[in-house]
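Coordinate analysis (summary)
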Amino acid sequence: MDSLNTRYVEISPEDIDDKVLSEAGDILKAGGLVAFPTETVYGLGGDGLNPLSSKKIYEAKGRPSDNPLILHIASMDAVEHIAKDVTPEAYKLMEQFWPGPLTVILNKKDNVPDETTGGLKTVAIRMPSHPVAKRLIELSGLYIAAPSANTSGRPSPTKGSHVKEDLFGKIDMIIDSGAVGIGIESSIIDMTGERPMLLRPGYIKPEDVEEVLGEVDIDPVVLGKLMPEGTAPKAPGMKYRHYAPKGDMEVVKGEEIKVSEYILKNVRADADDGKRVAILTTEENKAIYQKALDGLVAGEGNADKPGNRDKVTIISLGSCAKAGQISAHLFDALRSLDNMDIEMIYSETFYEDDMGMAVMNRLLKAAAYKVIEV
Ligand code: AMP
Ligand code: MG
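Residues numbered from 1 in each chain as written. Chains lettered and ligands numbered in written order. Predicted model: local features only at pLDDT ≥ 70, side-chain atom pairs only at ≥ 80, totals over all residues. Heavy atoms only, no water.

1. Quick look at the overall build of the protein
The condition that has to hold: Numbering of helices and strands starts at the N terminus; helices are DSSP runs of H or I of at least 4 residues and strands are runs of E of at least 2. In this setup the radius of gyration rests on C-alpha atoms only. A globule is expected at 2.2 Å times the number of residues raised to 0.38. Buried means the residue's accessible area, taken with a 1.4 Å probe over protein chains only, is under 20% of the maximum for its type, while exposed means over 50%, and partly exposed covers the values in between. Surface exposure here means Shrake-Rupley accessible area, sampled with a 1.4 Å probe, where a residue is shielded only by the protein chains that are shown. Here Asp and Glu are counted as negative and Lys and Arg as positive; His is not counted, and neither are the chain ends. For the purpose of locating charges, the reference atoms are NZ of Lys, CZ of Arg, CG of Asp and CD of Glu.
Along its length, the protein carries 12 helices and 17 strands. For 374 residues, the compact-globule estimate of 2.2 N^0.38 gives 21 Å, and the protein sits close to it at 22 Å. Counting only C-alpha atoms, the protein reaches 70 × 50 × 40 Å along its principal axes. Going through the 374 residues of the protein one by one, you find that 55% of them count as buried. In the form shown here, the protein has an accessible surface area of approximately 16,000 Å², with 49% of it arising from carbon and sulfur atoms. Put simply, the protein has 43 plus and 59 minus side-chain charges, and the middle of one group is 3 Å from the middle of the other.

In structure tokens form, the structure reads like this:
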């Protein structure tokens, strides 16, 4: 693909520049692509009813074309223009959580092209709450198809600079509004079956949905179970390897002391082998590793290899006592591992956080489901 002249603009969510967003809207209407912030992650937007725009999105991301896109809207009336057979329960759900980080799967109307839904007869719809996303949708007057604005397989972007890393020269415009608030993708609920089914966990938890709708089924993939050979996941995106860092990654699970012992033992051995290693931990636990590993510099047992400490990077994802910190930093941390050419990654588990299920779902995918129980 020829390199495009990508325009990079900064827009503060507190002081929205309608002129620039109208220009972004014009690009979208003309079939071009614009990356923009939402409250979950940055999205790569195109006109969702224009099959050529959807094709361009797949091309720019290097995304398999059977992995459908989410349509972003700014008002409730938009639903009936693209979806049919919408049940009262589905409306109840949307009214409760929109605008916000929830995507709803509904039966699609004929005007939504197969290119946008990956050939499915259903369509994914979300109304974001981020003021820049909301205003862009309003000014464009479109149903904006927007998957995460990353190269397929890489961690979703949570900062403008992440989008730049992956898509500069491949799309028409990038709108940078700083770090997003939530940091992992929207929860997805399928409302086309007999019972609501959670297809992807996010900030909105199954318990939150159950308060509105009663019981909710959870797709086995969400809980980290691998798909049996030959079965197709309900959200096609779930079958692809995601977020995978270049290095190998292990998630270490068990009693806290045993987890840190296992990680330290392996980190020491890897550093001795000359590997660049990283530890993913919390604000609460990082001192355990720092204290133990600073011994590498002091020479305790490693006097002959004083350089080993430089091979080890300790990354804190935040405090597990503060809701939302771990999720907000996860993708940025995974990207930084690649930028540092880390070859081996050991991660603790992060169930304590309020978004435990959503965080663990992303972490397990990043580690290609390699879990070590100690
Ligand atoms: P992304 O925008 O990159 O987070 O990807 C969109 C996600 O929504 C993918 O995992 C898709 O598989 C899922 N998705 C989009 N449309 C549908 C649909 N009609 N049915 C089920 N899942 C969908
Ligand atoms: Mg994505």
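On we go from here.
2. Here's the deal with the sheet that holds strand β16 (residues 344-347)
Note the threshold: By definition, two strands form a pair when at least two bridges between them are found by DSSP. To get an axis, a line is fitted to the C-alpha atoms, and for a helix only the part in contact is used. The angle between two axes follows their N-to-C directions and goes from 0 to 180 degrees. Contacts are assigned to residue pairs with any non-hydrogen atoms lying within 4.5 Å of each other.
Pairing in this open sheet of five strands is parallel, and the strands run β15-β14-β16-β13-β17 from one edge to the other. Looking at strand neighbours, the two that pair on one side only are β15 (312-316) and β17 (371-373), the edges of this open sheet. Neighbour to neighbour, the strand axes of the sheet diverge by 25° on average, direction disregarded. Summarising the sheet, strand β14 (residues 277-281) and β16 pair through four bridges and their orientation is parallel. Bridged to Ala 278 within β16 is Ile 345. Helix-sheet contacts for helix α9 (residues 256-272) involve β13 (248-253), β14, β15, β16 and β17, and the interaxial angle to β16 is about 170°. Lying on the sheet, helix α12 (residues 356-366) is in contact with β13, β14, β16 and β17; it crosses β13 at an angle near 135°.

3. Brief notes about the packing of aromatic side chains
Filter applied, for reference: Geometry of aromatic contacts follows a simple scheme: Phe, Tyr and Trp rings, the Trp one being its six-membered ring, pair when their centres are within 6.5 Å, and the pair is stacked under 30 degrees between planes, edge-to-face over 60, tilted otherwise.
Following the criterion strictly, the structure yields two aromatic pairs and no others. Between Tyr 243 and Phe 331, the aromatic rings sit 4.8 Å apart at their centres with planes inclined by 35°, giving tilted as the arrangement. Taken as a pair, Tyr 243 in the loop between β12 (217-218) and β13 and Phe 331 in helix α11 (residues 325-339) lie far apart in primary sequence, 88 residues in all. For the residue pair Tyr 243 and Phe 331, the accessibility class agrees, reading buried in each case.

4. Examining the nonpolar core
Our working definition: As used here, the term nonpolar core means buried Ala, Val, Leu, Ile, Met, Phe, Trp, Tyr and Cys residues forming a set that is joined through side-chain atoms within 4.5 Å.
Leu 44, Ile 73, Leu 93, Trp 98 and Leu 106 are the most contacted members of the largest nonpolar core, which totals 44 residues. Every element with two or more residues in this core is listed here: α2 (51-61), α3 (79-82), α4 (88-97), β6 (102-108), β7 (122-126), α7 (160-167) and α8 (206-213). The biggest single contributor to this core is α4, with four residues. Of all hydrophobic cores here, the second largest spans 27 residues; its members include Ala 278, Leu 280, Leu 330 and Ala 366.

5. Observations concerning the environment of Val 212
Topologically, Val 212 is positioned in helix α8. In this structure the C-alpha to C-alpha distance between Val 212 and Tyr 346, which are 134 residues apart in sequence, comes to 38 Å.

6. Quick notes on α9
To be explicit about the condition: Expected helix span is given by 1.5 Å per residue-to-residue step, counting one fewer step than there are residues.
For α9, which comprises 17 residues, the first-to-last C-alpha distance of 24 Å matches the rise-based estimate of 24 Å (1.5 Å per residue) to within 8%. Of all the positions in α9, only Val 259, Ser 260, Tyr 262, Ile 263, Leu 264, Asn 266, Val 267, Asp 270 and Ala 271 are classed as buried. In the segment just after α9, Gly 274 is the residue with positive phi, at about 85°.

7. Structural notes on the environment of Met 94
Counting through the fold element by element, Met 94 comes out in helix α4. For the pair Met 94 and Thr 6, spaced 88 residues apart in the sequence, the C-alpha separation amounts to 35 Å. Setting aside residues up to four positions removed in sequence, Met 94 forms contacts with Met 76, Val 79, Val 86, Val 104 and Leu 106.

What is shown is where atoms sit, not what they do.
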